[in-house]
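Residue strings, one per chain:
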Amino acid sequence: MATDLTAPTRTRPDVAPIQRRTLRLLFSTQIIGGIGVTIGISVGALLAARVAGTAVAGLAQSAAVVGGALLAVPVTRIMNGHGRRPGLAVAYLSGAVGAVLVVLATVTRSVPLLFLGMLLFGGGTAANLQARYAAVDLAEPARRGRQLSLIVWATTIGAVAAPNFAALADRTTSGWGLPPLAGPFAFSAAAFVLAAVVLLVLLRPDPLLTARRLAAADAPVAAAVADVTPPAEAVAAPARTTRRGAGMRAAWQVVRGRPAARLGIAAVAVGHVVMVAVMSMTPVRLGESHGDADVLRVVGIVLSLHIAGMYALSPLVGWLTDRVGRRAVVLGGVGLLLAACAVAGTAGHHTPRLSVGLALLGLGWSGTMVAGSTLLSESVPAAIRPSVQGLSDLTMGLAGAGAAALSGFVMRAAGYPVLTLLAAIAVVPLVALALRPVPVAAPDEED
């Protein structure tokens, strides 16, 4: 039985207040978590260079990206069995432990401890990414895009505010005997712990567990309306999936059989690859045309415009996702990514034009991220949803880390214009996938 998932539906009166409270709580913790992530990352490369040397400073930053991707696996396993609340809390606490290890590595000048700390620090990123999915567990189909994008937008507040706290954190902790640049990570640990405690205490009832109970209660009603008696194995399917579907293999099997889910994962991953590949080498490109006295100021302005493109307009992107459809916004995001590659790749050393290209790059990423995440969440059953979402974040994180690593080699061998051309070519398979008809069926009705 097919259902239009974008059509307005009547909201249960007992669910609406739970959803409003969940959104307010996630919005608040997203700001706290965003500050925790950004205040550490803003000085991460400088700190790594002092502890391990400039040559491996970039690898330390990549370790946080890879850590965020890998931690999505155990975090989603916890969510599968126990709900969003403990999963998000464990992710934030992992980030807090990582931040503490980074501080200890700075004190002891231990390179292995630094890399371990940066890997675990990625838990903060994993929590911030998974929070967007918690926002749509109980959302009305016609408002899923907007409510998911609201949580994405909350990251903007933390990302913009956090760098301004880095100097204050460093001055504050200097009296504690900590080395320079260790203070921001101490503040990151405190922010992550605060976010975890708030979620553990206040995120009740758990949105994922509530959504599963509603889906289980609605299944007999839907069968009665259709005058169909579901077989016993179909009724028991959600419970079995919850117990056995906690792994990535089960998630991949579900995604393989659902074209809409495949498109959702592809949109998120490909958009992230293009964004990371171009963005990571833009400071190097700017360094070719600006002296040491100006390059940091110029890089800050250009990347600020890029971050604004990523997050500032996400509520508008979410509204369009609900109004014109998920696939249309994915294609719009692809168009913006292609435009960004064209503008940035042909900008030469014209900084204003390069800034426009990076802003378009952020907007394109926002379109593929918001629409792709919304489409993915509504295309799979509630019982397996956390694992599929974890698979998406794992794919996105590893793909982004690979793009960041390869972009440096491409930049050195062929230059920035060739890098943007290859990034544009990378979206071609996504265009082909998005243009294929995608049948949409009710995800919680097992065949």
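Rules of the game
- Along each chain, the written sequence defines residue order, and numbers are assigned to residues from 1.
- Only residues with pLDDT of at least 70 are given local features in this predicted model, and only at 80 or more are side-chain atom pairs given and counted; all residues enter the totals for whole chains, interfaces and linings.
- Derived side-chain values reflect all non-hydrogen atoms in the structure, with water molecules and hydrogen atoms excluded from consideration.
- By the criteria applied, helices consist of DSSP H or I runs no shorter than four residues and strands consist of E runs no shorter than two, each listed in order from the N terminus.
- Whether two residues are in contact is decided by their heavy atoms: any pair within 4.5 Å suffices.
- Criterion for a salt bridge: a side-chain nitrogen of Lys or Arg within 4 Å of a carboxyl oxygen of Asp or Glu.
- Burial classification: accessible surface area is computed with a 1.4 Å probe over protein chains only, and a residue below 20% of its type maximum counts as buried, one above 50% as exposed, and the rest as partly exposed.
- Take the buried residues of types Ala, Val, Leu, Ile, Met, Phe, Trp, Tyr and Cys, join any two whose side-chain atoms come within 4.5 Å, and each joined set is a nonpolar core.
- The axes are straight lines fitted to the C-alpha atoms, using for helices just the contacting stretch, and the angles between their N-to-C directions are given from 0 to 180°.
- Just so you know how the angles are binned, under 35 degrees is roughly parallel, over 145 roughly antiparallel, 65 to 115 roughly perpendicular, and the rest oblique.
- Crossing handedness: left-handed means the near helix sits turned counterclockwise from the far one by under a right angle, and right-handed means the same turn made clockwise.
- Expected helix span is given by 1.5 Å per residue-to-residue step, counting one fewer step than there are residues.
- Here a polar contact means two N or O atoms within 3.5 Å. Within protein one must be a hydrogen donor candidate and the other an acceptor candidate, and residues neighboring in sequence count only if both atoms are side-chain atoms.

Engineer: Is there a simple way to explain the overall build of the protein in this structure?
Structural biologist: Assigned secondary structure in the protein consists of 17 helices and zero strands. Residue pairs at least 24 apart in sequence account for 84% of intrachain contacts in the protein once pairs closer than 6 positions are excluded.

Engineer: Help me out: how do you make sense of the pattern of salt bridges in this one?
Structural biologist: Oppositely charged side chains may form a pair once their charged atoms are brought near each other. Applying the stated rule across the entire model yields six salt bridges. In this structure, Asp322 engages Arg146 in a salt bridge whose closest nitrogen and oxygen atoms are separated by 3.0 Å. Here Arg146 lies in helix α5 (residues 144-174) and Asp322 lies in helix α12 (residues 314-324), a separation of 176 residues in the sequence. Accessibility expressed as a relative area gives 9% for Asp322, which makes it buried. Between Arg326 and Asp322 there is a salt bridge, with the nearest N and O atoms lying 3.1 Å from each other. A single network of salt bridges, built from pairs that share partners, joins Arg144, Arg146, Asp322, Arg326 and Glu378.

Engineer: Could you clarify how one ought to interpret the nonpolar core in this entry?
Structural biologist: Within the largest apolar cluster, 51 residues are counted, with the highest numbers of intra-cluster contacts made by Val274, Leu354, Leu361, Tyr416 and Leu430. Residue assignment for this core shows that the elements contributing at least two residues are α5, α10 (259-287), α11 (292-311), α13 (326-345), α14 (351-378), α15 (385-414), α16 (416-425) and α17 (428-435). Sort the elements by how many residues they give to this core and α10 lands first, with 13 residues. Discounting residues that sit within four places of it in the chain, Leu430 has contacts with Leu263, Ala266, Ala267, Val270, Val330 and Val334. By size, the runner-up hydrophobic cluster in this structure holds 43 residues, among which are Leu23, Val43, Met118 and Ala127.

Engineer: Before we go on, may I ask you to explain the packing of α13 against α14 in this structure?
Structural biologist: Helices that pack against each other are described as a pair by the angle of their axes relative to one another and the distance between those axes. At a closest axis distance of 7 Å, the pairing of α13 and α14 adopts a crossing angle of 160°. By the criterion of interaxial angle, the relationship of α13 to α14 is roughly antiparallel. For the crossing formed where α13 meets α14, the hand is left-handed.

Engineer: Looking at this model, I keep getting lost on unusual backbone geometry. Mind explaining?
Structural biologist: Trans peptide bonds make up the majority, and among non-glycine residues the majority have a negative phi. Here the amide bond leading from Arg204 into Pro205 is cis, since omega sits at -5°, within 30 degrees of zero. Residue Arg109 is not a glycine yet carries a positive backbone phi of 55°. Tracing the backbone shows Arg109 in the loop between α3 (84-108) and α4 (111-134).

Engineer: Would you take a moment to explain helix α6 (residues 183-202) for this structure?
Structural biologist: Residues that lie three or four places apart on an α-helix share one face, since the helix turns once every 3.6 residues. Taking 1.5 Å as the rise per residue, α6 with 20 residues should run 28 Å; its terminal C-alpha atoms sit 29 Å apart, in good agreement. Of all the positions in α6, only Gly183, Pro184, Phe185, Ser188, Ala189, Ala191, Phe192, Ala195, Ala196, Val198 and Leu199 are classed as buried.

Engineer: Can you walk me through α4 in this structure?
Structural biologist: With 24 residues, α4 extends 36 Å from end C-alpha to end C-alpha; this agrees with the ideal 34 Å at 1.5 Å per step. Of the residues flanking the start of α4, the one acting as N-cap is Ser110, its side-chain oxygen 3.3 Å from the backbone nitrogen of Leu113.

Read these as layout, nothing more, since geometry by itself doesn't imply function.
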